[in-house]
Amino acid sequence: MKFDVVTIFPRMIEAGLAEGVVGRGVEKGIVDVGVHDLRTFTTDRHRTVDDVPYGGGPGMVMKVEPFVRALETIRAERGTPDAVVLLSPQGRLFDQGEARRLSGLGHVVLLCGRYEGIDERVRDLVATEELSIGDFVVSGGETPALIVIDAVSRLVPGVVGDQESVEQDSFSQGILDHPHYTRPAEFEGRKVPDVLLSGHHAEVRRWRMQEALRRTSERRPDLIERRVKETGNERD
Ligand code: 4HQ
């Protein structure tokens, strides 16, 4: 799978991809991430990427031309992408379903903004969709882009060694994870639940499902609602 990231802070993306499971996926060549410095697509002496907002007001707005030139270059060098994603709080909420959808594409471009906003014509002319990583404000699209690359890459075969762990993950089932324990069997008076030491695999499975559903209904009843709507029951 191929990603291209357009940013004024290329080193943030490179640093985020240097470690971990996704970093290894990049090293192995299963995931290919091209990082593009937006300033290389400017034409003026000062490499200007932003300007004052029409109509006035605080802050700066990112200019449209460097993004258009970046996409022209990516198309020429790496082919026409399947999706061009603008990261912003105005976007559709990025969730596991969106990650699954993007993991089915071959080539995704991620556009990172800074400052107060991006000229609306970037949405109209360059982006094919807009995604948000959550209802909060971060200082730039770089951390959101890294989150999208991480969540999507884990679903690409070969990136995570143990495919079973990906399928067992919180959310791949649409509910929260069950509790996990490892040795020691007792710590500061707190015991590991007996069933996990019993060796009864069917009972362990049943306990984990029960605990996962208990936690989900306590902490995220919205996820239970969603499963009922999608499957007609709350179990499978
Ligand atoms: N941004 N999900 C970039 C976000 C954000 C989000 C705020 C995007 C600042 C310049 N991006 N602008 N939430 O908070 O994707």
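Look above for the structure.
Residues numbered from 1 in each chain as written. Predicted model: local features only at pLDDT ≥ 70, side-chain atom pairs only at ≥ 80, totals over all residues. Heavy atoms only, no water.

A. The environment of phenylalanine 41, seen in detail. As for its position among the elements, phenylalanine 41 is in the loop between β2 (32-37) and β3 (50-51). On the accessibility criterion, phenylalanine 41 (8% relative accessible area) is buried. Separated by 30 residues in the primary sequence, phenylalanine 41 and leucine 71 have C-alpha atoms spaced 9.6 Å apart. Those residues in contact with phenylalanine 41, other than ones at most four positions away along the chain, are His36, Pro66, Arg69, Ala70 and Thr73. (Helix = DSSP H or I, 4+ residues; strand = E, 2+ residues; numbered from the N terminus. Buried < 20%, exposed > 50% of the residue type's maximum accessible area, 1.4 Å probe, protein only. Contact = heavy atoms within 4.5 Å.)

B. Region of interest: the sheet that holds β2. Taken together, the 5 strands give an open sheet; going across it, the order is β2-β1-β6-β5-β8, and neighbouring strands pair in parallel fashion. Each end of this open sheet is capped by a strand with a single partner; those strands are β2 and β8 (129-132). Pairs of neighbouring strands in the sheet enclose a mean axial angle of 30°, with direction left out of account. As defined by bridge partners, strand β1 (residues 2-7) adjoins strand β6 (residues 107-111) across 5 bridges and the pair is classed as parallel. Directly across from valine 5, in β6, lies its bridge partner leucine 110. Packing of helix α3 (residues 64-78) onto the sheet brings it into contact with β1, β2, β5 (83-93) and β6, and relative to β1 it is tilted by some 155°. (Pairing = 2+ DSSP bridges. Axes fitted to C-alpha atoms, helices over the stretch in contact; angles between N-to-C directions.)

C. Highlighting the site of the ligand. Contacts to the ligand come from 16 residues, most closely from Ser88, Ile133, Gly134, Phe136 and Val138. Glycine 134 has a polar backbone atom sitting 3.2 Å from a nitrogen atom of the ligand. Note that an oxygen atom of the ligand is positioned 3.0 Å from one of the backbone N or O atoms of valine 138. When the free accessible area of the ligand is taken as 360 Å², the share hidden by the protein chains comes to 94%. Considering each element in turn, the shell around the ligand owes the most residues, 3 residues, to β5. (Near = heavy atom within 4 Å. Polar contact = N/O pair within 3.5 Å; in protein donor to acceptor, adjacent residues only side chain to side chain. Areas by Shrake-Rupley, 256 points an atom, 1.4 Å probe, with all protein chains shown as cover.)

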